[in-house]
Amino acid sequence: MATRQVRRYTAEEVARIIMDIPRNSDISDFEGEEGDHESEMLLRNLRVDRGTESGKMATIQVYLLNKHEVMNDPTDAIIYGPSTSNKIERWWCELHERLEKFFKEQLTVLLRGREFDPHSVLDRQLLAYVFTPVVQRECDIFVRYWNSHRIRVQDKLEIPARAPDHIFSFLGYYGGSNMGIPLHKDELREVADLLAVMDGDVFDFIDPRVKRECLQLLSNPEKVESKDAIEAFRLLKRNIKFP
């Protein structure tokens, strides 16, 4: 019986295949910068629409740019435009179809069945205790999925055609360069304190008594399966009663 020969590729050969690097090119020219994803970086420009949260984002951007004195007028770094003109507009469609609709259906069931009273402080706290960590976890998963999906070549649009994570890690291969401004964590904490953003634990707004009861019944809400979030809320609702 004939034996099949299996070729073993070196790490460099695999990298050349993945990135389409010509054989006569030095692979070091295409290597990403170690620690890119872990670094604290400030973008030189920020494009936002004129939504409610955009004001704080723009303020943070201008404040930090002004501290680093990289522009004569840091307000020039803020670019306003409608979200429909974003090159990642597809993101919102995917987020709605794959994530948002799923949780809205659960919340609608609770609301229509009068199991959740939006005017009840206790109900709102119980709902937040369950759904906030679950939704955050699913958003984090979706972000990882999005950043690893391959972008197709698009006619008349100057958009790199590969996975966003790959583009970010190998900017030189795509003709780009890292224009980010290194930041220290204390700088981020300073501006966060000034604007009262990222202020404490996500559960700080929950009454301590309610939180204690929730922890006894459901100690790790972040581990609740998405499909079971509605039942987790019902469990807390049945067992926690405060005037």
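Residues numbered from 1 in each chain as written. Predicted model: local features only at pLDDT ≥ 70, side-chain atom pairs only at ≥ 80, totals over all residues. Heavy atoms only, no water.

## Description of the pattern of salt bridges
The criterion, for reference: Just to be clear on terms, a salt bridge is a Lys or Arg side-chain nitrogen sitting within 4 Å of an Asp or Glu carboxyl oxygen. Strands are runs of DSSP state E lasting at least 2 residues, helices are runs of H or I lasting at least 4, and numbering of each runs from the N terminus. The rule is simple: take the accessible area with a 1.4 Å probe, protein chains only, and divide by the maximum for that residue type; under 20% is buried, over 50% is exposed, in between is partly exposed.
Applying the stated criterion across every chain, the model contains 11 salt bridges. With a shortest N-O distance of 2.4 Å, Glu-94 and Arg-98 are connected by a salt bridge. In this pair, Glu-94 and Arg-98 are both assigned in helix α3 (residues 89–112), 4 residues apart and thus about one turn of the helix distant. Look at Glu-94 and you get buried, because its relative accessible area is 11%. Glu-231 is the partner of Arg-234 in a salt bridge, and the nearest nitrogen-oxygen pair spans 2.6 Å. Here the residue Arg-234 and the residue Glu-231 both occupy positions in helix α8 (residues 229–239), the gap between them amounting to 3 residues, near one helical turn. Salt bridges sharing common partners tie together Glu-115, Glu-231 and Arg-234.

## So, unusual backbone geometry
Residue Glu-69 is not a glycine yet carries a positive backbone phi of 50°. By relative accessible area, which is 67% here, Glu-69 ends up exposed. Backbone geometry at Arg-114 places phi at a positive 55°, although glycine is not the residue there. Structurally, the position occupied by Arg-114 is in the loop between α3 and α4 (121–148).

## Examining the environment of Val-210
To be explicit about the condition: Working rule for contacts: check all heavy atoms of both residues, and any pair within 4.5 Å makes them a contact.
Counting through the fold element by element, Val-210 comes out in helix α7 (residues 208–217). Taking the relative accessible area as the measure of exposure, Val-210 reaches 3% and is therefore buried. It is 9.6 Å that separates the C-alpha atoms of Val-210 and Tyr-129, two residues lying 81 residues apart in sequence. The contact partners of Val-210, leaving out residues within four places of it in the chain, are Leu-122, Gln-125, Leu-126, Ile-240 and Phe-242.

## Some points on the nonpolar core
Our working definition: Residues belong to one nonpolar core when they are buried, are Ala, Val, Leu, Ile, Met, Phe, Trp, Tyr or Cys, and are joined through side-chain atoms within 4.5 Å.
Membership of the largest hydrophobic core comes to 26 residues, with the highest contact counts inside it found for Leu-126, Val-130 and Leu-236. Among the secondary structure elements, those contributing two or more residues to this core are α3, α4, α7 and α8. Among the elements that make up this core, the one with the highest residue count is α4 (9 residues). In this view, Leu-236 contacts Leu-126, Tyr-129, Val-130, Cys-214, Leu-217 and Leu-218; residues no more than four positions away in its chain are not counted. Counting residues in each nonpolar core, the second largest holds 7 residues, with Leu-42, Leu-64, Ile-181 and Leu-183 among its members.

## Structural notes on the packing of aromatic side chains
Rule in force here: Here is the rule: rings of Phe, Tyr and Trp (six-membered ring for Trp) pair when centre to centre is within 6.5 Å. Planes less than 30 degrees apart are stacked, more than 60 are edge-to-face, and the remainder are tilted.
Applying the stated criterion to the full structure yields 5 aromatic pairs. Ring centres 6.2 Å apart and planes at 70° place the aromatic pair Phe-116 and Phe-233 in the edge-to-face group. Pair noted here: Phe-116 is in the loop between α3 and α4 and Phe-233 is in helix α8, with a separation of 117 residues, a long-range link. Of the two residues, Phe-116 and Phe-233, neither departs from the other in class, the shared state being buried. An aromatic cluster is present here, built from Phe-102, Phe-103 and Phe-131 joined pairwise through their rings.

## So, the side chain of Gln-106
The residue Gln-106 is located in helix α3 in this model. Residues in contact with Gln-106, not counting those within four places in the same chain, are Phe-131, Ser-226, Lys-227, Ala-229 and Ile-230.

## Section: the environment of Phe-116
Given the relative accessible area of 14%, Phe-116 is considered buried. Not counting residues up to four positions away in its chain, the partners in contact with Phe-116 are Leu-110, Leu-111, Asp-123, Arg-124, Leu-127 and Phe-233.

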